[in-house]
Amino acid sequence: MRCLFRFGAGFTALLAVAACGGPAPEAPAPPVPSQPAPSAAPVPITAAAARQVGADELGRVPVLMYHRLAAQPRSVYDRTPADFTAELERLAAEDYVPVTTAELVSRRLDLPAGAHPVVLTFDDGDPSTFSLTPQGQPAPGTAVRILLDVAAAHPRFRPVASVYVNEHPFGGDPDGRALRWLAEHHFEIGNHTRQHTNLRKATESAATAAIAEGDALIRKAVPGYQPTTLALPFGSHPRREELALQGPGYSYGGVLLVGAGPAPSPCSAEFEPGSIPRIRSQSAGAEAAYGSAHWLDELGKPAGHRYTSDGDPATVSYPRSEGAVAPACASVSLAY
Ligand SMILES: [Zn+2]
C-alpha cells in the first residue's frame, strides 16, 4: 500500500491590502505551477540512509497560525508584511517545505530527504490573506502573493497553505472566484464555520449546523471540492468534542486548535486528529514564548524532536529512541 490517504487540494490566505493603506505597486505575478513539482523516482530507504540524513518522521511539525497582515498590527494575531516575508524566508533557509493540513493528516508526506514539513494556516478569510486582481492574478501585498514570491525564489519551498474561511471570505468573493483559484492551485480550503461560531457555547444542534453550513458554502463555491479539515473558532470544541470531526453533513480528517506548540507527527502514537495544536506566528511581544520564533528556535536544536523526512514517502523512518509509532503507520515504519 503506497498511500494511506490522498489529500484534497490545499489553499492559502493573503495579507490585508486595505489595512496597509493601499495596494503595493503592480508587478508581474510569479509563475504558479499548475501541478505540484514531481518527486524524484522513489528509492526505498534503508536504515543506514535514514540515519545518515537524520530522518525522524515521528518528530514534531510546526503548524503556524496567521490571521491578518497589517502595516500597523493591532494585536498579537496581526503580522506586518515584512515580518511575514521574513518568517517565510527563515522557513525556506531552514529547509522547511510547506504542506497543507489535509496532507499532514493524510499521514504520508512526500518531501525531499532532510526537509521538514511546516503547515501555514490562515484563519478568518481576511482580505489581507487573498484576493484576485481584475486580471485574475493574486493581488500584490496579500499573503498568498507573498508566499508565491518567496517560493519562486526557493524552488523547494512549495507555495501551498491551508485557508480556513467563514461565509463571505476575503471581503466578499460573491462568485467564489478566489476560492476556486486557491483550490485550482493546490491550496487547501478548510472550514472555520459559517459565522465563526464559538462551538462550546452553542447547543449541540447549533454547533453541528454551524460546521455543516460552513462546509456546504465551500462546496457550493468550488464544485467538486471536499473540505477535509476544520479550524475551531477560538480553539473551542463543541461540548461533545467528537462532533468537530464528524456530524450531519460533514466528516473531517483533522481539527485544528489555536495554541500553543508543535504538533506531533501524524505517525506518532501521540497524534490526535481531533486536537491538532498550532503555533501563533509571532517573534516578539507579550506571550512570545508561545510564538513561532521561539518554537522554530526550539525545533532547530539537536534535541528539538523535529520531523525530518527520509525522502521516501512510502516509509516512515525514525530513531528507535523517538517513541511509539501510530498503528496506522506501523506497517510502513522503519526504526533505526
Ligand atoms: Zn477565527
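Residues numbered from 1 in each chain as written. Predicted model: local features only at pLDDT ≥ 70, side-chain atom pairs only at ≥ 80, totals over all residues.

S.K.: Just checking my understanding: could you explain the overall build of the chain for this structure?
M.R.: Looking only at helices and strands, the chain has seven helices and 14 strands in total. The 336 residues of the chain split such that 52% are buried. (Helix = DSSP H or I, 4+ residues; strand = E, 2+ residues; numbered from the N terminus. Buried ≥ 20, exposed ≤ 12 C-beta atoms within 10 Å, placed from the backbone.)

S.K.: Mind showing me how you'd approach the confidence of the model for the chain here?
M.R.: Where the model shows low pLDDT, its predicted coordinates should not be examined in detail. Averaged over every residue, the pLDDT of the chain is 89; the share at 70 or more is 87%. Low pLDDT, under 50, characterises residues 1-28; the predicted model gives this stretch 112 contacts beyond four residues in sequence or across chains. Every residue in residues 33-38 is under pLDDT 50, and counting partners more than four places away or in other chains gives two contacts. (pLDDT = per-residue confidence, 0-100. Contact = placed C-beta atoms within 7 Å.)

S.K.: Looking at this structure, I do not really get helix α6 (residues 204-221). What am I missing?
M.R.: Three or four residues apart is the spacing at which side chains of an α-helix point the same way, because the helix has 3.6 residues per turn. Between its first and last C-alpha, α6 extends 26 Å over 18 residues, near the 26 Å set by a 1.5 Å rise per residue. Within α6 the residues assigned to the buried category are A207, T208, A210, I211, G214, D215, L217, I218 and A221. Looking at the packing, one finds that the buried side of α6 touches β6 (162-165), α5 (177-184), β7 (188-191), β8 (229-231), β9 (246-247) and β10 (250-251). (Expected span 1.5 Å × (residues − 1).)

S.K.: What should I look at first to understand unusual backbone geometry in this one?
M.R.: Excluding glycine, residues mostly carry a negative phi; peptide bonds, for their part, are mostly trans. Looking along the chain, the bond that leaves G259 and enters A260 is cis, with omega of -20°. With a phi close to 55°, H168 is a non-glycine residue in the positive phi region. Relative to the assigned elements, H168 resides in the loop between β6 and α5. For F170, which is not glycine, the phi torsion reads 60° and is therefore positive.

S.K.: What exactly am I supposed to notice about the environment of A92 here?
M.R.: Tracing the chain through its elements places A92 in helix α2 (residues 81-93). Looking at A92, the number of C-beta atoms within 10 Å reads 19, which means it is partly exposed. With 62 residues separating them in the primary sequence, A92 and H154 have C-alpha atoms 6.8 Å apart. Among residues more than four places away in sequence, those in contact with A92 are V150, H154 and F157.

S.K.: Looking at this model, I keep getting lost on the nonpolar core. Mind explaining?
M.R.: Core analysis: the largest hydrophobic core is formed by 72 residues, its most contacted members being A143, L147, V163, L182 and I189. The element contributing the most residues to this core is helix α4 (residues 143-153), with seven residues. (Core = buried A, V, L, I, M, F, W, Y, C linked by C-beta atoms within 7 Å.)

S.K.: Hey, could you run me through the environment of Q226 in this one?
M.R.: When you line up the elements, Q226 lands in the loop between α6 and β8. Residue Q226 is classed as partly exposed on the basis of its 14 C-beta neighbours within 10 Å. As a C-alpha pair, Q226 and Y252 span 26 residues in sequence and 9.6 Å in three-dimensional space.

S.K.: Whenever I open this one, the pairing of strand β1 (residues 63-66) confuses me. Can you help?
M.R.: For a regular strand, side-chain orientation follows a simple rule: the groups alternate between the two sheet faces. Here β1 shows no split at all, with V63 and M65 on one side and L64 and Y66 on the other all buried. Two elements, β1 and strand β5 (residues 116-123), share four bridges in a ladder whose sense is parallel. Of the residues in β5, the one forming a bridge with Y66 is F122. Bridging between β1 and strand β12 (residues 276-280) involves two bridges; their strand directions are parallel. In the strand pairing of β12, L64 is matched with I279. (Pairing = 2+ DSSP bridges.)

S.K.: Could you clarify how one ought to interpret the packing of α2 against α4 in this entry?
M.R.: When two helices pack together, their arrangement is captured by the angle between the axes and the distance separating the axes. Their axes nearest at 10 Å, the elements α2 and α4 cross at an angle of 35°. Viewed along their axes, α2 and α4 form a crossing whose handedness is right-handed. Listed contacts from α4 to P81, F84, T85, L88, E89 and A92 of α2 are A143, I146, L147 and V150. Of the residues belonging to the contact of α2 with α4, the class tally is eight nonpolar, one polar and one charged. (Axes fitted to C-alpha atoms, helices over the stretch in contact; angles between N-to-C directions. Left-handed = near helix turned anticlockwise from the far one by under 90°. Nonpolar A, V, L, I, M, F, W, Y, C, P; charged D, E, K, R; others polar.)

S.K.: I would appreciate a short explanation of the pairing of β12 in the present structure.
M.R.: Within β12, five of the five residues are buried, which leaves the element mostly enclosed by the surrounding structure. The two faces of β12 match: I276, R278 and R280 on one face and P277 and I279 on the other face are all buried. Looking at chain direction, strand β11 (residues 254-260) and β12 are connected through two bridges and run parallel. Bridging from a neighbouring strand, A260 pairs with R278 of β12.

S.K.: Help me understand α4, please; the structure alone is not making it clear to me.
M.R.: Across the eleven residues of α4, eight count as buried, placing the element largely inside the fold. The secondary structure elements touched by the buried residues of α4 are β1, β2 (68-69), α2 and β5.

S.K.: Mind showing me how you'd approach the environment of D126 here?
M.R.: Structurally, D126 can be placed in the loop between β5 and α4. The sequence separation of D126 and H67 amounts to 59 residues, and the corresponding C-alpha distance is 7.0 Å.

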